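Understanding the architecture of this molecule
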Amino acid sequence: MRYEDRISIGGTLVWYYYICKREVWLIGHGIEAEQENDYILLGRYIQEIFYTRKRKEIMIDNTIKIDILPGRKVIGEIKKSSKFLESAKMQVVFYLYYMKREKGIDMEGVLLIPEERKRIKVSLTPELEREIEEVIEDIGRILKLEKPPKAVKIPYCKKCAYRSMCWA
Ligand code: SF4
């Protein structure tokens, strides 16, 4: 896989990679999900109302959208709960990796979970850098599959916007 193709993979796909590989394929292939899903709506609502004065959303290279906490080289990612912490952490790791590889800027990350009043620091360690490179490679492999990976029932399916497609 060429480096340019790898790096065009966004943070959202990294988040889903740790939840469901089938969903990675569906999103990556532009298959429309149910937009009125309560879980998606709640996520958007929390993004909109919390920390609006303390963060600045910027789009970089038309590829990644990140929230910068002003005055510091810190990428902030807001989540509604710490339930999918590993996914959320690796999403931030991806942004840190992108900024380092593409822009030559070393940054720190923080996960903000307003409803739980939590702030969790995320740093790009050499181990995490290796892990995210493997994940990017594997996402590329999944996206090249002709069909999505088979649906496997997991607890997240109950909240998933694709549930009617997978389990109708
Ligand atoms: S409903 Fe379940 S199997 Fe289907 S995409 Fe969502 S999480 Fe994956």
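Note: the structure precedes this text.
First things first, this report covers the structure right here in the doc. (Residues numbered from 1 in each chain as written. Predicted model: local features only at pLDDT ≥ 70, side-chain atom pairs only at ≥ 80, totals over all residues. Heavy atoms only, no water.)

**Remarks on helix α5 (residues 85-103)**
Under the convention used in this document: Under the scheme used here, helices are H or I runs from DSSP no shorter than 4 residues and strands are E runs no shorter than 2 residues, and both carry numbers assigned from the N terminus. To estimate the expected span of a helix, count its residues, drop one, and scale the result by 1.5 Å. For every residue, the accessible area (1.4 Å probe, protein chains only) is compared with the maximum for its type, and the residue is labelled buried under 20%, exposed over 50%, or partly exposed between those bounds.
Taking 1.5 Å per residue, 19 residues should reach 27 Å; α5 reaches 26 Å between its end C-alpha atoms and fits that length. For α5, the complete set of buried residues consists of Ser-87, Ala-88, Met-90, Gln-91, Val-92, Val-93, Phe-94, Tyr-95, Leu-96, Tyr-97, Tyr-98 and Met-99. Backbone geometry just after α5 places Gly-104 at a positive phi near 70 degrees.

**Some words on the site of the ligand**
We count it as follows: Nearness here has a simple test: a residue counts as near a molecule or strand if at least one of its heavy atoms is within 4 Å of that partner. In this classification, Asp, Glu, Lys and Arg are treated as charged, Ala, Val, Leu, Ile, Met, Phe, Trp, Tyr, Cys and Pro as nonpolar, and every other residue, Gly included, as polar.
The full set of residues close to the ligand is Cys-20, Glu-23, Ala-151, Val-152, Ile-154, Tyr-156, Cys-157, Cys-160, Tyr-162, Arg-163, Cys-166 and Trp-167. With three residues, helix α7 (residues 163-167) is the single largest residue contributor to the shell around the ligand. Among the residues making up the shell around the ligand, the classes are represented as ten nonpolar, no polar and two charged.

**Points about the nonpolar core**
In plain terms, the rule: We define a nonpolar core as any set of buried Ala, Val, Leu, Ile, Met, Phe, Trp, Tyr and Cys residues linked to one another through side-chain atoms lying within 4.5 Å. Residues are treated as being in contact if the distance between any of their heavy atoms lies within 4.5 Å.
Ile-64, Ile-66, Ile-75, Phe-94, Met-99, Ile-132 and Ile-139 are the most contacted members of the largest nonpolar core, which has 42 residues in total. Sequence-distant contacts of Ile-75, that is, excluding residues within four places in its chain, are made with Ile-66, Asp-67, Ile-68, Tyr-95, Leu-96, Met-99, Met-107, Glu-108, Gly-109 and Val-110.

**Quick look at the sheet that holds strand β2 (residues 64-69)**
Note the following rule: At least two DSSP bridges between two strands are required for those strands to pair. In this description, a line fitted to the C-alpha atoms serves as the axis of each element, helices being fitted only across the stretch in contact, and the angle between N-to-C directions of two axes falls anywhere from 0 to 180 degrees.
Across the sheet, five strands lie side by side as β1-β2-β3-β4-β5; this open sheet has mixed pairing. Unpaired on one side and paired on the other, β1 (56-60) and β5 (118-122) mark the two borders of the sheet. Taken pair by pair, the neighbouring strands of this sheet meet at an average axis angle of 40 degrees, ignoring direction. Sheet analysis places strand β3 (residues 74-78) next to strand β4 (residues 108-113), joined by five bridges and oriented parallel. Of the residues in β4, the one forming a bridge with Ile-75 is Gly-109.

**So, the packing of aromatic side chains**
In this description, an aromatic ring pair is defined by two values, namely the gap between the centres and the angle between the planes. Counted only if it meets this: Under the pairing criterion, centres of Phe, Tyr and Trp rings, with the six-membered ring standing for Trp, must be within 6.5 Å; the plane angle then separates stacked pairs below 30 degrees from edge-to-face pairs above 60, leaving the rest tilted. Placement of a positive charge over a ring is assigned whenever Lys NZ or Arg CZ falls within 6 Å of the ring centre and within 35 degrees of the normal to the ring plane.
For the coordinates displayed, the defined rule picks out eight aromatic pairs. Both rings, one in Tyr-16 and one in Tyr-156, keep their centres 6.5 Å apart while their planes meet at 65 degrees; by these two values the pair is edge-to-face. Of the two residues, Tyr-16 sits in helix α2 (residues 11-17) while Tyr-156 sits in the loop between α6 (126-144) and α7, which places them 140 residues apart along the sequence. Looking at Tyr-16, the relative accessible area reads 14%, which means it is buried. Ring-pair connections join several aromatic residues into one group, and the members of that group are Trp-15, Tyr-16, Phe-84 and Tyr-156. Positioned above the aromatic ring of Trp-167 is the side chain of Lys-153, whose terminal nitrogen or guanidinium carbon lies 4.4 Å from the ring centre.

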